[in-house]
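Residue-level listing of the chains:
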Amino acid sequence: MASIKGSGRRGTALHASLIIGLLLSAFPFYWAVIMSTHTSSEIFSYPPKLLPGSHFLENVRNLLDTIDFFGSMWNSLLVATTVTFLVLFFDSLAAFVFAKFAFPGKNLLFALLMLIFMVPAQLAAIPQFVIMAKIGWIGSMTALIVPAAANAFGIFWMRQYMKSAIHDELLDASKLDGAGFMRQYWHVALPVVRPGLAFLGIFTFMGQWNDYAWPLIALTNPDNVTLQVALSQLNGTHGTTDYGMVMTGAVLALIPLLIVFAIGARQIIGDLAKGAVRG
């Protein structure tokens, strides 16, 4: 009886700690939404306002009058979506080779890949800009999409996932059925690793959506920028920033991320649940 009561108290304490953690994690998002409904003077008032105000539509109008919000959002959506699909294809294809096939120099190539993984992206900004300028891509979305079409992290992540998720027996059986490399990749490997692909897709989309430094460098036309660069233009000078408008832009910019996360998380949870039922 004592052990049952002890386990019950531990369960209650665990649930309470999870609820507290959830509230602490959700509060910044709640506070951002609240600030988007107030003016700057109301945001800095004391005591702070914790309930929604009545200036959200006004802030939206000011936002749309100040920057091309939907145009820059479309640019970000185009870049993030295209890069995500390219990364999912190229990284999973390379990872499949590293995980399930033997070839000369495999370990050396993977070691070089890990070295690239450890190099900060900022170090590549200048040579990458020079290359894009010589090709003539500076100022276009191509300069954002092509360099990000594959990355070391995605290959490493999918390789580790495929090594344990794809059994050699499946590949051997597909070979007996006459399946070539691409058929093995498309019909055997990809259906098994969908949870890993979903995580990589969420991670890649969020990284591209929130990227600020490289689009600021590569997109030289101020009228053709991504959303994060456009939002940075809302910061006024000499203390004249309209923080209500800034927070409104930040909140609206979160909506695509929440949609992608919901779709990807549903895919991950659904596939894991199916695996648990099969097991």
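Each value, and the rule that gives it
Residues numbered from 1 in each chain as written. Predicted model: local features only at pLDDT ≥ 70, side-chain atom pairs only at ≥ 80, totals over all residues. Heavy atoms only, no water. Salt bridge = Lys/Arg side-chain N within 4 Å of Asp/Glu carboxyl O. Helix = DSSP H or I, 4+ residues; strand = E, 2+ residues; numbered from the N terminus. Buried < 20%, exposed > 50% of the residue type's maximum accessible area, 1.4 Å probe, protein only. 1 Å grid on protein atoms, 1.4 Å probe; cavity = no way out; pocket = protein on both sides within 12 Å on 5 of 7 lines; lining within 4 Å. Points joined across faces, edges and corners; volume = space filled by probe spheres on them. Nonpolar A, V, L, I, M, F, W, Y, C, P; charged D, E, K, R; others polar. Contact = heavy atoms within 4.5 Å. Phe/Tyr/Trp six-rings, centres within 6.5 Å; stacked < 30°, edge-to-face > 60°. Axes fitted to C-alpha atoms, helices over the stretch in contact; angles between N-to-C directions. Parallel < 35°, antiparallel > 145°, perpendicular 65-115°, else oblique. Left-handed = near helix turned anticlockwise from the far one by under 90°.

## A closer look at the pattern of salt bridges
Working step 1: On inspection of all chains with the given rule, the structure shows one salt bridge.
Working step 2: In this structure, K100 engages D168 in a salt bridge whose closest nitrogen and oxygen atoms are separated by 3.2 Å. Here the residue K100 occupies a position in helix α4 (residues 69-100), and D168 occupies one in helix α9 (residues 168-176), the gap between them amounting to 68 residues.
Working step 3: What makes K100 buried here is its relative accessible area of 18%.
Working step 4: For D168, a relative accessible area of 45% corresponds to the partly exposed category.

## Examining the layout of surface pockets
Working step 1: Volume-wise, the largest pocket comes out at about 1,000 Å³.
Working step 2: If you trace the largest pocket, you find 31 residues lining it, with A121, P147, A148, N151 and Q208 closest to the centre.
Working step 3: Along the lines of polarity and charge, the residues of the lining of the largest pocket split into 21 nonpolar, nine polar and one charged.
Working step 4: Looking at the second largest pocket, its volume works out to about 330 Å³.
Working step 5: Along the walls of the second largest pocket sit 13 residues, with T84, L88, G201, V260 and I263 positioned nearest its centre.
Working step 6: Elements with a contribution of two residues or more to the lining of the second largest pocket: α4, α11 (194-210) and α14 (243-278).
Working step 7: Sort the elements by how many residues they give to the lining of the second largest pocket and α11 lands first, with five residues.
Working step 8: Along the lines of polarity and charge, the residues of the lining of the second largest pocket split into eight nonpolar, five polar and no charged.

## Remarks on unusual backbone geometry
Working step 1: The omega torsion of the bond from Y46 to P47 falls at 0°, within 30 degrees of zero and hence cis.
Working step 2: Looking at the element boundaries, P47 is found in the loop between α2 (40-43) and α3 (56-66).

## Let's talk about the environment of G196
Working step 1: Of note, G196 is situated in helix α11.
Working step 2: Between the C-alpha atom of G196 and that of G154, which follows or precedes it by 42 residues, the distance is 9.8 Å.
Working step 3: Residues within four places of G196 in sequence aside, it is in contact with W157, M158 and Y161.

## Description of the environment of P104
Working step 1: Tracing the sequence through the fold places P104 in the loop between α4 and α5 (106-118).
Working step 2: For the pair P104 and T39, spaced 65 residues apart in sequence, the C-alpha separation works out to 64 Å.

## Details of the packing of aromatic side chains
Working step 1: Scanning the entire structure with this criterion turns up 21 aromatic pairs.
Working step 2: The interplanar angle of 40° and the centroid separation of 6.4 Å between the aromatic rings of F27 and Y30 together place this pair among those described as tilted. Here F27 pairs with Y30, and both are found in helix α1 (residues 2-35), just three residues apart, close to one helical turn.
Working step 3: Classification of Y30 as partly exposed rests on a relative accessible area of 38%.

## Describing the packing of α4 against helix α8 (residues 152-165)
Working step 1: Where α4 meets α8, the closest approach of the two axes is 8 Å, and the angle between their N-to-C directions is 50°. Looking at the two axes, α4 sits oblique to α8. The two elements α4 and α8 cross, and the hand of that crossing is right-handed. Only G154, I155, M158, R159, M162 and K163 of α8 make contact with α4, whose side of the interface consists of D91, S92, A94, A95, F96, F98, A99 and K100.

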